[in-house]
Amino acid sequence: MEVVGISSGIIEAKELNHINASLAKWDLSAVEGEALFIGSMHSKYAHVKIKMYAPSDDSSRIIWNVPETELPLEFRGTITKGLEFFLGYLAGIKGQSISLAFEINDGSYHPVDSNLLGFNLVTTRAIIDCFDPDYSKFDAQRIFRKTSFRGHDAGL
């Protein structure tokens, strides 16, 4: 016998449960959400802003409106996995296949303090923010921008 461990593609999927009723009623019109995560001791920094809606055709896609310098490929892959998970989750709630366009309209990372776990967390929270803006506190003043970094923590 062989035993292989598995894990969920998006760590905080259980948090989506409290927006199930909103998801069931959602008419797929445009919604926007933004989330920022800063772990203890400023670890796991992640920030993303998404807009999602039914596309004009029947093709799901991600539109990256953020340059790679602000959101590198390694973190984009984690965001993509989270959004793919959400598509399946939403299809389960609605009982039918769903196509969505996701626009990533803002995002940031910290060159030292960001990691994949942070982007798993923030992707879930940005989705939730689309339907429940009071779920987590968003403080735009804590967003790290590389252009503002001057050898200190830039407000983190």
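Residues numbered from 1 in each chain as written. Predicted model: local features only at pLDDT ≥ 70, side-chain atom pairs only at ≥ 80, totals over all residues. Heavy atoms only, no water.

Visitor: Pulling in residues and values, what's your account of the overall build of the chain?
Guide: Secondary structure summary: the chain contains three helices and four strands in total. Across the chain, helices and strands are ordered from the amino to the carboxyl terminus as α-β-β-β-α-β-α. Looking at the chain as a whole, 45% of its 156 residues qualify as buried. Put simply, 78% of the contacts in the chain that link residues at least 6 apart link residues at least 24 apart. Per element, the accessible surface of the chain, about 8,400 Å² overall, is 51% carbon and sulfur. (Helix = DSSP H or I, 4+ residues; strand = E, 2+ residues; numbered from the N terminus. Buried < 20%, exposed > 50% of the residue type's maximum accessible area, 1.4 Å probe, protein only. Contact = heavy atoms within 4.5 Å. Areas by Shrake-Rupley, 256 points an atom, 1.4 Å probe, with all protein chains shown as cover.)

Visitor: So what's going on with unusual backbone geometry? Residues and values would help.
Guide: Glycine aside, residues mostly have negative phi, and peptide bonds are mostly found in the trans state. In this structure, Leu 28 takes a positive phi of about 70° despite not being glycine. By secondary structure assignment, the location of Leu 28 is in the loop between helix H1 (20–25) and strand E1 (31–37). Since its relative accessible area comes to 18%, Leu 28 is described here as buried.

Visitor: So what's going on with the sheet that holds strand E4 (residues 101–108)? Residues and values would help.
Guide: Within a sheet, adjacent strands bond to each other through the backbone by hydrogen bonds, running parallel or antiparallel. Pairing in this open sheet of four strands is mixed, and the strands run E1-E2-E4-E3 from one edge to the other. Both outer strands of the open sheet, E1 and strand E3 (61–64), are each paired with one neighbouring strand and no more. Ignoring strand direction, the axes of neighbouring strands in this sheet form an average angle of 20°. Strand direction decides the pairing type here: E1 and strand E2 (residues 46–53), joined by seven bridges, are antiparallel. Bridge pairing links Glu 34 to Lys 49 in E2. Strand contacts of helix H3 (residues 116–131): E1, E2 and E4, with the helix running at about 145° to E1, the strand carrying the most contacts. (Pairing = 2+ DSSP bridges. Axes fitted to C-alpha atoms, helices over the stretch in contact; angles between N-to-C directions.)

Visitor: Account for the packing of helix H2 (residues 73–94) against H3, with residues named and values stated.
Guide: Their axes nearest at 9 Å, the elements H2 and H3 cross at an angle of 40°. One finds that H2 runs oblique with respect to H3. Two packed elements cross with a definite hand, and for H2 against H3 that hand is right-handed. Each of Glu 74, Phe 75, Thr 78, Ile 79, Gly 82, Leu 83 and Phe 86 in H2 lies in contact with H3, whose residues at this interface are Leu 116, Phe 119, Asn 120, Thr 123 and Ile 127. (Parallel < 35°, antiparallel > 145°, perpendicular 65-115°, else oblique. Left-handed = near helix turned anticlockwise from the far one by under 90°.)

Visitor: With reference to specific residues and values, describe the nonpolar core.
Guide: Formed by 34 residues in total, the largest nonpolar core has its most connected members in Ile 50, Met 52, Phe 86 and Leu 100. At the level of elements, E1, E2, H2, E4 and H3 are the ones that each hand at least two residues to this core. Apart from the residues lying within four places of it in its own chain, the contact partners of Ile 50 are Val 31, Glu 32, Gly 33, Leu 83, Glu 103, Ile 104, Ala 126, Ile 127 and Cys 130. (Core = buried A, V, L, I, M, F, W, Y, C linked by side-chain atoms within 4.5 Å.)

Visitor: Talk me through the side chain of Glu 15; I want residue IDs and the actual numbers.
Guide: The residue Glu 15 is located in the segment before H1 in this model. Summary of buried charges: Glu 15 has no salt-bridge partner, and the nearest side chain of opposite charge, Arg 125, is 4.3 Å away. (Lys, Arg positive; Asp, Glu negative; His and termini not counted. Salt bridge = Lys/Arg side-chain N within 4 Å of Asp/Glu carboxyl O.)

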